[in-house]
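Architecture and fold: a report
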Amino acid sequence: MESVQIKNYGTGVTLIQIDRKEIRNAINEQVMDELNQALTLAERDASCIVVISGSGERAFCSGGDLSVFQYLKTEKQAKEMLLKMGAILERLAFFPKVTVAALNGTAVGGGSELATACDLRIAAPHVKLGFVQGELGITTGWGGSSLLFERVTNQIALDMLLSARMYSTDELYKQGFVHKVIYNASFLEGVIEYLESYFLQNKGVLQAYKARLLDQLDRPNIHRNIQNEIKDCAKLWETDVHHEAVRAFLNRS
Ligand SMILES: CC[C@@H](C(=O)O)C(=O)SCCNC(=O)CCNC(=O)[C@H](O)C(C)(C)COP(=O)(O)OP(=O)(O)OC[C@H]1O[C@@H](n2cnc3c(N)ncnc32)[C@H](O)[C@@H]1OP(=O)(O)O
C-alpha cells in the first residue's frame, strides 16, 4: 500500500495510518481503497484493537482531497464518491474490534467524520478539530453527522455542525468527544501505552464489550441516516456556492 501504512504492536493493536503528510493526510480514492484493504487485514489479524491515525504531528486528516474532488461537479458524481467513503465509515462504526482514532493533529471536514466513526478518540494536546463543511457550502457527506449524534448529546453535535468552527483538545475533552488526552513526547507511544490496560485483558473480554456496544446501536436506522446524509450532501455539492468555496481554498495564497 502506498498511502496507508499498517503496523502491528504485538498481538494487541493494529495501527492504520494515512500517510500523506504533505497534503495533511487528505483522502482520495486510493486512500479509500487502501483504508478498506487495511480494515480487511485488521479484521483478520490477531489484534483486538484497531487504531486509526495520520502521519506526522500536524494533521490527523484534512478530509476529502479537494485537489481531485474539485473535479466532481454534479450531484451524481459527488454521490458516487460519498457513497464509497460512507460505506467505509459505516464499516468502521460497526467493526467487530474496538476502534480508536488517535488524533495526532488537526482534523477537518471528512477527517472529523473519520474520527467520529471510531469507538473512542484519544488526542494530542495541540489538536484542533472541526466539521467545517458548512464553510464549503456542504454538509458532512461520509456519515459523520449521523454518527456524531450517536457519540455526543444532540445539542453538542448540533453546535459542532452548525458553527463549523474548530474546537481545541480541551473543549473536545469537556464535551466528551475526546476521551483521553496524551501528553507524552511521542504521542503514538503514549496511545499504545494507554491502550495496554485494554489489550492485556483476555481477548474475549474486549470482544464481548465491543459486542455490547454494538448491541446499543440501531444499525438499520443508522444506515438509513447515513444514506440521507449522503443524499443531502450530494445535492449541495453541485451548487455554485460549494464550487466557489473549494476554488477559494485551492487558490488561496
Ligand atoms: C469530500 C468530503 C467532505 C466531507 O464529507 O466532509 C470533505 O472532507 S470536504 C474537505 C474539507 N477539508 C478542508 O476544507 C481542508 C482544508 N484544509 C485546511 O483547512 C488546512 O490545510 C489544514 C488541514 C487546517 C492544515 O493547515 P496547515 O497545517 O496550515 O497546512 P496548509 O493549509 O498549508 O496545507 C498544506 C498543503 O496541503 C494542502 N491541503 C490541505 N488540506 C487539503 C485537502 N483537504 N485537499 C487538498 N489539499 C489539501 C494545502 O492546499 C497545502 O498545499 P500546498 O499549498 O500545495 O502546500
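Refer to the preceding data block for the structure.
Residues numbered from 1 in each chain as written. Predicted model: local features only at pLDDT ≥ 70, side-chain atom pairs only at ≥ 80, totals over all residues. Heavy atoms only, no water.

Attention shifts here to empty space enclosed by the protein. Under the criterion given, the structure shown has one cavity of 30 Å³ or more. Contributing to the lining of the largest cavity are Ile16, Leu35, Leu39, Ile52, Ile88, Leu92 and Leu114. Residue assignment for the lining of the largest cavity shows that the elements contributing at least two residues are α1 (29-44) and α3 (75-93). Residues that form the lining of the largest cavity fall into these classes: seven nonpolar, no polar and no charged. (1 Å grid on protein atoms, 1.4 Å probe; cavity = no way out; pocket = protein on both sides within 12 Å on 5 of 7 lines; lining within 4 Å. Points joined across faces, edges and corners; volume = space filled by probe spheres on them. Helix = DSSP H or I, 4+ residues; strand = E, 2+ residues; numbered from the N terminus. Nonpolar A, V, L, I, M, F, W, Y, C, P; charged D, E, K, R; others polar.)

So, about the packing of α1 against α3. It is the contact of α1 with α3, at a shortest axis distance of 11 Å, that shows an interaxial angle of 25°. As judged from the angle between their axes, α1 and α3 are roughly parallel. When the axes of α1 and α3 are compared, the crossing they make is left-handed. Residue-level inspection shows Glu29, Met32, Asp33, Leu35, Asn36, Leu39, Thr40 and Glu43 of α1 in contact with α3, the latter providing Met81, Lys84, Met85, Ile88, Arg91 and Leu92. Among the residues making up the contact of α1 with α3, the classes are represented as seven nonpolar, two polar and five charged. (Axes fitted to C-alpha atoms, helices over the stretch in contact; angles between N-to-C directions. Parallel < 35°, antiparallel > 145°, perpendicular 65-115°, else oblique. Left-handed = near helix turned anticlockwise from the far one by under 90°. Contact = heavy atoms within 4.5 Å.)

What follows covers the site of the ligand. Gly64, Leu66, Glu113, Gln133 and Arg252 are the nearest of the 25 residues found near the ligand. Between the ligand and the protein, one listed contact pairs an oxygen atom with a side-chain N or O atom of Glu113 at 2.6 Å. Against a free-state accessible area of 1000 Å², the protein chains account for coverage of 72% of the ligand. In this structure the site holding the ligand corresponds to the largest pocket. Of all the elements in the fold, those that place two or more residues in the shell around the ligand are α2 (66-69), β6 (106-108) and α4 (110-117). In terms of residue count, the dominant contributor to the shell around the ligand is α2 (three residues). In the shell around the ligand, the residues fall into ten nonpolar, nine polar and six charged. (Near = heavy atom within 4 Å. Polar contact = N/O pair within 3.5 Å; in protein donor to acceptor, adjacent residues only side chain to side chain. Areas by Shrake-Rupley, 256 points an atom, 1.4 Å probe, with all protein chains shown as cover. Sits in = over half its atoms within 2 Å of the grid points.)

Within the secondary structure layout, Val13 lies in strand β2 (residues 13-18). Residues Val13 and Leu206 lie 193 residues apart in sequence; the distance between their C-alpha atoms is 12 Å. What Val13 contacts, discounting residues up to four positions off in sequence, is Lys7, Asn8, Ser47, Ile49, Val51, Ile192, Leu195 and Phe199.

With respect to topology, six strands assemble into an open sheet ordered β1-β2-β3-β5-β7-β10, the strand pairing being mixed. Looking at strand neighbours, the two that pair on one side only are β1 (4-9) and β10 (180-181), the edges of this open sheet. As paired strands, β2 and strand β3 (residues 49-54) are joined by six bridges and run parallel to one another. Bridge pairing in β3 links Thr14 to Val50. α1 rests against β1, β2 and β3 of the sheet, and its axis sits at about 175° to β2. (Pairing = 2+ DSSP bridges.)

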